[in-house]
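What follows is the residue order along each chain.
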Protein chains: 6
Amino acid sequence: IQPWLTFRAVSSAPGQPPASHSYETLKVSQVREKVLHVELNRPDKRNAMNAAFWREMVECFNKIAQDSECHAVVVSGTGKLFTAGIDFLEIGQVFLTVEGDDVARKAWNLRKMIREYQESFSVLEKCPKPIIAAVHGGCIGGGVDLISACDIRYCTQDAWFQVKEVDIGLAADVGTLQRLPRIIGNQSLVNELAFTARKMMAPEAESSGLVSRVFQDKQAMLEGSFELAADIASKSPVAVQGTKINILYSRDHSVSEGLQYMATWNMSMLQTEDLVKSAQAVMEKKSPKDVVFSKL
Amino acid sequence: IQPWLTFRAVSSAPGQPPASHSYETLKVSQVREKVLHVELNRPDKRNAMNAAFWREMVECFNKIAQDSECHAVVVSGTGKLFTAGIDFLEIGQVFLTVEGDDVARKAWNLRKMIREYQESFSVLEKCPKPIIAAVHGGCIGGGVDLISACDIRYCTQDAWFQVKEVDIGLAADVGTLQRLPRIIGNQSLVNELAFTARKMMAPEAESSGLVSRVFQDKQAMLEGSFELAADIASKSPVAVQGTKINILYSRDHSVSEGLQYMATWNMSMLQTEDLVKSAQAVMEKKSPKDVVFSKL
Amino acid sequence: IQPWLTFRAVSSAPGQPPASHSYETLKVSQVREKVLHVELNRPDKRNAMNAAFWREMVECFNKIAQDSECHAVVVSGTGKLFTAGIDFLEIGQVFLTVEGDDVARKAWNLRKMIREYQESFSVLEKCPKPIIAAVHGGCIGGGVDLISACDIRYCTQDAWFQVKEVDIGLAADVGTLQRLPRIIGNQSLVNELAFTARKMMAPEAESSGLVSRVFQDKQAMLEGSFELAADIASKSPVAVQGTKINILYSRDHSVSEGLQYMATWNMSMLQTEDLVKSAQAVMEKKSPKDVVFSKL
Amino acid sequence: IQPWLTFRAVSSAPGQPPASHSYETLKVSQVREKVLHVELNRPDKRNAMNAAFWREMVECFNKIAQDSECHAVVVSGTGKLFTAGIDFLEIGQVFLTVEGDDVARKAWNLRKMIREYQESFSVLEKCPKPIIAAVHGGCIGGGVDLISACDIRYCTQDAWFQVKEVDIGLAADVGTLQRLPRIIGNQSLVNELAFTARKMMAPEAESSGLVSRVFQDKQAMLEGSFELAADIASKSPVAVQGTKINILYSRDHSVSEGLQYMATWNMSMLQTEDLVKSAQAVMEKKSPKDVVFSKL
Amino acid sequence: IQPWLTFRAVSSAPGQPPASHSYETLKVSQVREKVLHVELNRPDKRNAMNAAFWREMVECFNKIAQDSECHAVVVSGTGKLFTAGIDFLEIGQVFLTVEGDDVARKAWNLRKMIREYQESFSVLEKCPKPIIAAVHGGCIGGGVDLISACDIRYCTQDAWFQVKEVDIGLAADVGTLQRLPRIIGNQSLVNELAFTARKMMAPEAESSGLVSRVFQDKQAMLEGSFELAADIASKSPVAVQGTKINILYSRDHSVSEGLQYMATWNMSMLQTEDLVKSAQAVMEKKSPKDVVFSKL
Amino acid sequence: IQPWLTFRAVSSAPGQPPASHSYETLKVSQVREKVLHVELNRPDKRNAMNAAFWREMVECFNKIAQDSECHAVVVSGTGKLFTAGIDFLEIGQVFLTVEGDDVARKAWNLRKMIREYQESFSVLEKCPKPIIAAVHGGCIGGGVDLISACDIRYCTQDAWFQVKEVDIGLAADVGTLQRLPRIIGNQSLVNELAFTARKMMAPEAESSGLVSRVFQDKQAMLEGSFELAADIASKSPVAVQGTKINILYSRDHSVSEGLQYMATWNMSMLQTEDLVKSAQAVMEKKSPKDVVFSKL
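What counts, and at which threshold
- Residues numbered from 1 in each chain as written.
- Chains lettered and ligands numbered in written order.
- Predicted model: local features only at pLDDT ≥ 70, side-chain atom pairs only at ≥ 80, totals over all residues.
- Heavy atoms only, no water.
- Least-squares fit on C-alpha atoms with pLDDT ≥ 70 in both.
- Contact = heavy atoms within 4.5 Å.
- Buried area = accessible area lost by both parts, 1.4 Å probe.
- Salt bridge = Lys/Arg side-chain N within 4 Å of Asp/Glu carboxyl O.
- Polar contact = N/O pair within 3.5 Å; in protein donor to acceptor, adjacent residues only side chain to side chain.
- Helix = DSSP H or I, 4+ residues; strand = E, 2+ residues; numbered from the N terminus.
- Nonpolar A, V, L, I, M, F, W, Y, C, P; charged D, E, K, R; others polar.
- Buried < 20%, exposed > 50% of the residue type's maximum accessible area, 1.4 Å probe, protein only.
- Pairing = 2+ DSSP bridges.
- Expected span 1.5 Å × (residues − 1).
- Phe/Tyr/Trp six-rings, centres within 6.5 Å; stacked < 30°, edge-to-face > 60°.
- Lys NZ or Arg CZ within 6 Å of the ring centre and 35° of its normal.
- pLDDT = per-residue confidence, 0-100.
- Disulfide = S-S within 2.5 Å.
- Axes fitted to C-alpha atoms, helices over the stretch in contact; angles between N-to-C directions.
- Parallel < 35°, antiparallel > 145°, perpendicular 65-115°, else oblique.
- Right-handed = clockwise from strand over helix to strand, strands pointing away.

### Some details on the relation of the copies chain F and chain E
Superposing chain F onto chain E takes a rotation of 120 degrees plus a shift of 0.0 Å along the axis, which leaves an RMSD of 0.0 Å. Interpreted geometrically, this transformation is the action of a three-fold axis. No C-alpha of chain F lies nearer the rotation axis than that of G185 of chain F, which sits 2.2 Å from it.

### Observations regarding the interface of chain D and chain E
At the junction of the two partners, chain D supplies 39 residues and chain E supplies 50 residues. Across the interface of chain D and chain E, roughly 3,800 Å² is buried in total on both sides, 66% from carbon and sulfur atoms. At the boundary of chain D with chain E, the tally comes to one salt bridge. D167 of chain D is the partner of K235 of chain E in a salt bridge, and the nearest nitrogen-oxygen pair spans 2.7 Å. Linking chain D to chain E there are 17 residue pairs in polar contact (both at pLDDT 80 or more). Counting residues per element, the ones that place at least two in the side of chain D that touches chain E are helix 3 (88-96), helix 4 (103-126), helix 6 (176-183) and helix 7 (187-196) of chain D. Of the residues contributing to the side of chain D that touches chain E, the split by class is 18 nonpolar, 11 polar and 10 charged.

### Looking at the interface of chain F and chain E
The interface is formed by 50 residues belonging to chain F together with 39 residues belonging to chain E. Carbon and sulfur atoms make up 66% of the surface buried where chain F meets chain E, a total of about 3,800 Å² over both sides. For the pair chain F and chain E, the interface holds 17 residue pairs in polar contact (both at pLDDT 80 or more). Of all the secondary structure elements, the ones that give two or more residues to the side of chain F that touches chain E are strand 6 (152-156), helix 6 (176-183), helix 9 (218-233), helix 10 (237-251), helix 11 (255-269) and helix 12 (273-283) of chain F.

### Quick word on the pairing of strand 6 of chain F
Residue and element names in this part refer to chain F. Among the five residues of strand 6, five are classified as buried, and the element is accordingly described as predominantly covered. The pairing of strand 4 (residues 131-135) with strand 6 spans four bridges and is classified as parallel. Across the sheet, I132 pairs through a bridge with I152, a residue of strand 6. As judged from the three bridges shared by strand 6 and strand 9 (residues 213-215), these two strands associate in the parallel manner. Note on strand 9: the bridge partner recorded for C155 is V214.

### As for helix 10 of chain F
With 15 residues, helix 10 of chain F extends 21 Å from end C-alpha to end C-alpha; this agrees with the ideal 21 Å at 1.5 Å per step. Counting buried positions along helix 10 of chain F gives 14 out of 15 residues, so the element sits mostly inside the fold.

### Observations regarding the packing of aromatic side chains
Taken as a whole and judged by the stated rule, the model has 54 aromatic pairs over all chains. On the numbers, 4.4 Å between centres and 35 degrees between planes, the contact of W54 of chain B with Y117 of chain B is tilted. With W54 of chain B in helix 2 (residues 51-66) and Y117 of chain B in helix 4 (residues 103-126), this residue pair connects regions lying 63 residues apart in the sequence. By relative accessible area, W54 of chain B is classed as buried at 1%. Through successive ring pairs, a cluster of aromatic residues spans F53, W54, F95, Y117 and F121 of chain A. The lysine or arginine in question, R213 of chain C, covers the ring of Y154 of chain C, its NZ or CZ lying 6.0 Å from the ring centre. A cation over a ring is seen here: K199 of chain D above W160 of chain D, with NZ or CZ 4.1 Å from the ring centre.

### Re the confidence of the model for chain A
Residues and elements named next belong to chain A. Confidence in the prediction of chain A, expressed as mean pLDDT, is 92, and 94% of residues score 70 or more. In the model, residues 1-15 has pLDDT below 50 throughout and makes 27 contacts with residues more than four positions away in sequence or in other chains. This prediction of the complex comes with two scores: 0.94 for pTM and 0.94 for ipTM.

### Observations concerning the relation of the copies chain D and chain E
Once turned by 120 degrees and shifted 0.0 Å along the axis, chain D lies on chain E with an RMSD of 0.0 Å. Little of the interface of chain D is mirrored in chain E: 8% of its interface residues are interface residues there too.

### Side note on the state of the cysteines
Here a disulfide denotes a covalent bond joining the sulfur atom of one cysteine to the sulfur atom of another. Counted according to the given criterion, the structure contains zero disulfides over all chains. C70 of chain C forms no disulfide, and the closest cysteine sulfur to it belongs to C127 of chain C, at a distance of 6.7 Å.

### Overview of the environment of P128 of chain B
Looking at where P128 of chain B falls in the secondary structure, it is placed in the loop between helix 4 and strand 4 (131-135). The buried category is assigned to P128 of chain B, whose relative accessible area is 9%. In the structure, P128 of chain B is positioned 112 residues away from V240 of chain B in sequence and 8.6 Å away in space, judged by C-alpha atoms. If we ignore the near neighbours within four places in the chain, the residues touching P128 of chain B are A65, Q241, K244 and I245 of chain B together with W108 of chain D.

### Notes on the sheet that holds strand 3 (residues 72-77) of chain E
All names here are of chain E. Across the sheet, which stays open at both edges, the six strands sit in the order 1-2-3-4-6-9 with mixed pairing between neighbours. A single partner strand is all that each edge strand has here, and the edge strands are strand 1 (26-32) and strand 9 (213-215). Neighbour-to-neighbour, the strand axes of the sheet open up by a mean angle of 25 degrees, direction not taken into account.

### Some thoughts on the packing of helix 7 of chain D against helix 9 (residues 218-233) of chain E
Where helix 7 of chain D contacts helix 9 of chain E, the two axes come as close as 9 Å, and the packing angle between them is 45 degrees. When the axis of helix 7 of chain D is compared with that of helix 9 of chain E, the two are oblique. Residue-level inspection shows E192, F195 and T196 of chain D of helix 7 of chain D in contact with helix 9 of chain E, the latter providing L228, D231 and I232 of chain E. Residue composition of the contact of helix 7 of chain D with helix 9 of chain E, grouped by class: three nonpolar, one polar and two charged.

### Things to note about the sheet that holds strand 2 (residues 35-40) of chain C
Residues and elements named next belong to chain C. A sheet is described by the order of its strands in space; here six strands give the open sequence 1-2-3-4-6-9, paired in mixed fashion. Two strands bound the open sheet, and with one partner strand each, they are strand 1 (26-32) and strand 9 (213-215). Going across the sheet, the axis of each strand differs from the next one's by a mean of 25 degrees, ignoring polarity. As paired strands, strand 3 (residues 72-77) and strand 4 (residues 131-135) are joined by three bridges and run parallel to one another. Along strand 4, the bridge assignment pairs V73 with I131.

### Here's the deal with the pairing of strand 2 (residues 35-40) of chain F
Residue and element names in this part refer to chain F. Burial runs high along strand 2: six of the six residues are buried. The two faces of strand 2 match: V35, H37 and E39 on one face and L36, V38 and L40 on the other face are all buried. Pairing of strand 1 (residues 26-32) with strand 2, which is carried by six bridges, proceeds in the antiparallel orientation. Each bridged residue has a counterpart across the sheet, and for L26 the counterpart in strand 2 is L40. Taking the residues between adjacent antiparallel strands as the criterion, strand 1 and strand 2 are bridged by two residues, where K34 takes a positive phi near 65 degrees. One ladder, built from six bridges, connects strand 2 with strand 3 (residues 72-77); its direction is parallel. Following the sheet pairing, H37 is matched in strand 3 by V74. Note on the crossover from strand 2 through helix 2 (residues 51-66) to strand 3: the handedness is right-handed.

### Some details on the packing of helix 3 (residues 88-96) of chain E against helix 4 (residues 103-126) of chain E
All names here are of chain E. As a packed pair, helix 3 and helix 4 sit with axes 10 Å apart at the nearest point and diverge in direction by 145 degrees. Counted together, I91, V94 and F95 of helix 3 and L110, M113, I114 and Y117 of helix 4 form the full contact between these two elements. When its residues are assigned to classes, the contact of helix 3 with helix 4 shows seven nonpolar, no polar and no charged.

### Thoughts on the pattern of salt bridges
With the rule as written, the count across this model stands at 114 salt bridges over all chains. A salt bridge links E227 of chain B to R32 of chain B, with the shortest nitrogen-to-oxygen separation between them at 2.9 Å. Remark: R32 of chain B occurs in strand 1 (residues 26-32) and E227 of chain B occurs in helix 9 (residues 218-233); sequence separation between them is 195 residues. Classification of R32 of chain B as partly exposed rests on a relative accessible area of 23%. Of the charged contacts, one joins E223 of chain F and R32 of chain F as a salt bridge, the two residues approaching to 2.7 Å between their closest N and O atoms. Note that E223 of chain F is positioned in helix 9 and R32 of chain F in strand 1, a separation of 191 residues in sequence. Residues joined by salt bridges that share partners form a network here, namely E125, R179, R251 and D252 of chain A.

Written out as structure tokens, the structure reads:
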């Protein structure tokens with residue numbers, strides 16, 4: 001009866017074995033060394049986000065956050081498009097029939113549900129490993145919320161994006177309105193997309209900065225994404241994951257606050273062996289890829 | 001003697017009749033269903049912003065904010081250009097001859113005036129209906145402050161933009177320095193414009209993201225703006241106006257704060273009938289435009 | 001024995017004579033009226049940032065901040081490239097051999113060093129005069145931190161940029177992660193650069209907004225930079241420097257906070273004679289360049 | 001036809017004549033030189049806050065804010081007690097019967113009303129002149145919201161305070177929950193009061209810091225309040241009102257932000273003649289009360 | 001196989017049956033209608049906080065947060081004292097032997113553990129029901145962290161408090177340094193306690209505002225706490241829990257932000273039936289305790 | 001020619017020899033092991049703060065911050081009182097005769113001076129060692145600014161405190177308005193003091209929380225202060241100084257931000273040997289005073 005060991009095992013053990021992933025709506029596979037591929041996997045439902053999906057996203061990315069064998073992630077969709085967004089038949093009903101004896105109590109329960117759904121995408125930011133969204137076909141409604149919480153976005157030339165929520169009578173509430181304006185350098189366009197629900201095609205997505213690269217087709221895009229992920233995965237995890245954590249911290253703080261946090265972060269992280277190993281590699285004109293870093 | 005009714009009528013009555021608009025410097029007309037067109041209307045003075053203008057902007061947009069018959073607004077200028085900016089002869093004099101027995105008292109009165117002038121454009125953000133700026137010809141000095149407080153910016157191919165203030169000896173103080181850097185994805189360019197007062201032409205305005213679309217001429221631009229506004233105006237006002245309010249809230253808060261506010265906002269807004277109506281429209285494959293939403 | 005005079009002379013005297021600049025790693029010259037040119041000047045070491053450099057940056061830009069004869073600055077590199085970044089042999093050793101009896105004490109000393117190094121670039125922001133970075137050849141690692149703290153960025157067509165830090169095992173900690181995402185309107189790209197350490201060439205730097213202009217060669221770039229600086233330097237220093245201070249304040253505060261600060265700033269600054277002189281110039285159809293402004 | 005003069009007269013003219021005050025629910029009189037006494041004046045209704053009151057508070061304190069003849073204010077209640085709080089019969093009905101076709105639209109209108117009611121007390125903070133609340137008898141519900149927005153609180157020994165809102169089924173929403181915890185140095189007590197709606201008597205109000213002085217009876221309290229107000233009113237208005245503005249600014253910002261704002265504020269305010277006059281008074285051993293300061 | 005139902009049942013279902021509580025280190029009982037009593041229950045170990053405790057706190061208060069049968073909570077300790085704080089033998093060892101191949105990796109794992117331990121007390125704030133800490137005997141180290149996260153603090157006259165952490169070589173890191181200064185109105189004292197680890201006895205705890213009431217003995221204190229809790233539990237849960245949520249929100253935001261959030265919160269909550277029921281009770285001169293409110 | 005060594009010696013060397021202190025206006029002596037006593041030392045001028053004082057404060061406390069032989073500081077005044085505040089004859093003149101060709105330029109120079117004077121007291125917070133202010137006789141004007149930036153305040157029973165600034169025509173601008181309201185749990189009193197410049201005597205200073213202990217006379221107070229300082233100085237400097245840094249960080253951030261920073265701070269600091277040594281001392285029932293900690 002060792003409660004502590006149990007506790008530690010669940011949440012903070014270093015050097016865990018690779019997590020096992022088995023889901024209804026997601027498919028997880030290892031595609032390169034230290035690179036996982038997470039696929040939205042309800043192709044017959046256009047990868048619509050049903051209740052299982054919202055729950056499994058949290059489970060999946062919490063596992064990945066703890067998995068020292070994974071250094072980078074690619075997220076894409078199976079079938080004809082990335083995702084049709086929320087599964088309105090299933091989820092819409094839940095919201096429309098929320099329990100509660102009066103308006104206040106319904107509001108109370110709705111707020112809890114919204115907070116949980118927000119969490120399903122916030123796990124992408126809380127996971128310190130870089131996450132690359134690879135979009136083909138349509139990326140609709142909740143799909144835009146999802147990719148906005150990823151670190152890097154690639155797409156195919158036939159991809160399109162749609163902030164769909166106003167068309168179903170609500171203001172988007174799981175992240176698009178908060179994250180998209182920080183991602184794209186054209187606020188006039190962001191507003192236009194959010195107010196009209198019009199489709200944005202791949203070229204406009206690239207020129208506006210929503211995606212940083214457009215590929216000929218899905219195969220090429222996945223190949224490019226895996227290569228990018230593998231490149232990232234080969235580097236010091238202390239350096240890469242500290243970079244993600246501090247970029248996100250800086251997004252939400254002033255430059256001065258960001259610098260102070262960075263210094264406090266690196267006062268321990270600069271004591272890593274990875275720095276010594278990298279210094280030697282530089283001396284010896286080796287590539288960082290030839291260095292073996294400890295697990296994190 | 002019913003003070004409450006009076007009070008309510010002034011400030012918070014739902015379902016008010018359309019506001020009547022009559023101004024010296026502005027012209028307001030209805031150009032589409034639920035779309036108002038506000039024109040800067042001193043063409044012989046190049047739409048220079050005189051004292052009446054600063055006062056009437058507040059009056060006009062406060063009325064629009066309360067007017068449930070208006071769902072979207074287009075702002076443009078009459079005559080040869082959008083606006084020459086502040087009416088220096090009239091307003092400059094006011095600032096140069098500010099009353100006050102010593103430097104501190106003059107400062108006190110200047111601060112009050114600046115705060116009032118800032119408010120003249122902040123009403124554009126406080127009005128929850130989307131506002132589209134449609135710029136032709138020059139948009140100078142105060143004009144840039146004005147359009148920076150709008151949600152979407154369109155222009156003609158002969159339009160140009162100039163952050164003029166340094167050339168008249170002051171740092172711009174009614175919004176450009178605060179809002180422009182958040183609108184454009186090229187801070188090097190923002191600084192260049194603000195330090196040099198050089199003109200930026202339409203193509204650079206488009207590529208930098210200041211405007212999201214450039215039109216052949218003023219007629220085409222107005223047509224495009226009215227269509228965009230009409231499209232927005234046809235959608236659920238609960239969805240659209242909640243979107244504007246939350247995008248602006250998110251601009252000034254961290255992502256985490258923005259998400260929390262969003263959830264608290266939507267815990268009541270998701271109880272709207274608009275959601276049910278939209279759900280039905282989706283089921284019945286109707287367009288959102290076919291749905292009749294209640295007034296807001 | 002007049003301690004006050006000494007004190008004042010060091011830190012706050014207006015109208016000081018031009019500062020004298022003599023450094024090991026920097027070269028300072030006057031290239032136009034009121035324009036200084038600061039060159040990274042260790043060409044045989046690829047302008048690598050050694051200990052002297054970090055110290056001299058602070059000294060140099062503190063002097064410039066106090067120098068009323070200087071209104072604008074251009075920063076460039078001598079030799080084959082802008083800078084190779086940190087001088088790893090010299091500085092890396094310092095970090096790797098930090099003193100301290102245990103991990104906590106080493107962390108304590110590392111934090112102090114990082115804070116000092118951060119300060120070496122923060123002086124660029126604390127100096128109220130506009131600073132233009134003019135980059136040719138490579139701009140690597142610490143070089144990106146440096147130019148991110150400048151106001152305007154120009155480069156040659158053969159320039160390239162590299163956020164190098166992950167390759168030497170650390171998260172960049174002297175400003176890139178805090179400032180770069182606010183400069184560029186493409187966060188997907190920012191993340192890609194920071195996670196992979198890949199080179200970004202001049203065209204991508206321009207389209208993403210890192211630089212606002214690309215020149216044929218170094219000579220043309222310097223000429224263009226000097227002209228831009230001279231143009232800025234000819235304007236009211238009250239207007240220009242107040243603009244820089246308020247743009248930076250606004251970057252780190254909400255729009256509402258920025259407007260309030262701006263009003264409080266301008267309640268004294270609008271009482272400048274520069275405004276009167278500019279008003280007269282406007283009346284008399286003169287260029288701002290024909291106005292003589294007092295020192296600041 | 002001089003719109004500007006009209007505009008200026010309404011909002012920013014220095015040296016205005018004393019405002020005339022005539023209200024249904026408030027009584028305003030001058031009780032000392034430059035000191036106004038504002039009384040809640042519905043004694044037969046226990047000074048309950050009806051619709052007229054909420055509206056007149058805004059009108060009254062906006063006038064006082066502009067009135068250069070007033071340097072300090074005392075607020076008290078006529079009749080048997082300070083105030084019974086909101087006039088539930090009149091106002092409660094308004095909230096319970098709010099218009100709106102669905103929950104979202106009712107929420108929209110409720111929010112506007114709450115914001116207006118909040119503004120009725122926020123004017124006390126926006127008015128830069130010190131405001132002293134003098135409480136006798138009960139201070140219930142909205143009364144606590146009101147005095148929390150004042151600068152100094154005095155009471156009689158028979159006074160009591162009650163955060164009443166939970167007993168009528170709502171969380172207090174016009175200021176108590178935001179301001180009271182910053183006023184009192186005992187958060188355990190603040191929570192107890194807010195959760196239980198129990199009465200707090202004068203001695204506990206004094207020991208907890210809600211009031212800074214307790215008087216024998218109402219007459220003595222008013223005398224003490226008028227003396228305090230007169231003392232404040234005799235000092236430099238630049239100094240006193242700048243102090244109020246900066247204390248409130250500091251309450252809502254970090255120490256570092258507060259110091260920066262303070263320096264920017266005083267860079268003009270230290271150029272006041274009041275400083276010279278005070279310096280002379282110090283030299284000549286005169287009291288500040290012998291100095292004549294210009295109007296503000 | 002209905003994943004959605006499962007999901008909803010776990011996290012957001014209204015009207016759940018009372019939670020069952022069974023723990024190693026905590027004892028939970030119902031002591032009044034809608035009032036739970038949570039006891040730290042390792043009396044033979046002086047209620048020292050071992051690994052099971054840290055884990056069970058989260059589980060227990062997450063359940064209580066969801067339990068609509070519970071409206072208020074009292075937390076006390078079994079045995080001779082409230083708690084001796086962290087179980088140094090068990091937990092200290094864990095921290096001293098943290099895994100990790102180098103300093104950076106150990107730091108990474110330590111940070112995860114600290115964040116988890118912080119969460120163990122943050123659940124007290126995330127639970128929207130008021131929580132009363134009732135302290136007898138010693139409240140040491142982690143005990144102060146715990147009670148600082150409660151809403152109201154009572155103690156016996158033999159109670160004492162000790163911020164113990166500096167004596168074991170660390171800065172307190174699970175909440176005392178963040179929360180205690182906001183609770184007590186004497187920062188000089190807070191610093192003294194934190195720097196010296198000296199004991200503070202009950203009278204000083206009361207005069208400084210750490211506790212709001214001191215009782216003769218434990219029995220009287222528990223009786224008083226249960227009565228207080230029962231009083232709170234009898235009121236509208238919409239009002240009480242909205243009050244807690246908004247007091248905590250306001251603590252961490254400016255007054256202006258707090259007011260805005262409050263209005264957005266209450267735009268739905270004022271549509272509760274509780275307001276109508278309370279209005280009727282007021283009309284009929286009934287006590288709030290006679291009103292039956294729906295579950296929340 | 002070893003620039004780096006020079007640089008390191010100046011700013012970041014651990015284990016420096018004790019600093020030598022020699023000033024015109026301050027007297028520094030070692031009064032206990034690792035405890036320095038800093039005395040304001042212009043007794044014939046009532047310790048008025050002249051230009052030398054403002055400059056030497058920065059020099060003195062920057063040295064102390066770097067001095068690993070000093071773990072705690074006591075600040076008191078020589079002669080008849082703590083301090084009469086600013087030396088108005090010397091400093092007032094400087095402010096009244098500030099250079100500058102117009103109002104804006106004078107404002108510019110005034111702001112620089114205010115910022116420097118603010119820095120003179122901010123060094124007390126930037127110095128990570130606890131600082132105890134020991135006040136006898138008067139503590140006037142700038143004296144209140146000074147002690148507000150200290151960590152702990154003691155005084156004699158004849159001490160009095162006066163926020164003097166409004167009486168000389170200005171709002172206090174070197175820290176009182178920012179720090180005092182966070183120190184004292186009675187905002188009504190804080191406002192009264194700041195608006196009236198009245199004296200507050202020792203008993204009120206104690207009951208309001210400005211000081212945490214009152215002594216019979218100066219000798220007893222110094223003895224008590226030295227004992228307190230010696231007690232603090234005997235503990236782990238990693239624990240004590242980390243505590244000061246995090247308490248100040250938390251004062252200016254939300255609880256949630258404070259906790260996150262704390263965890264990031266302690267991820268390295270918990271790797272100190274001080275924790276192991278303290279653990280052993282606990283096992284062996286030794287006092288922390290018997291442990292020998294390494295220098296910091």
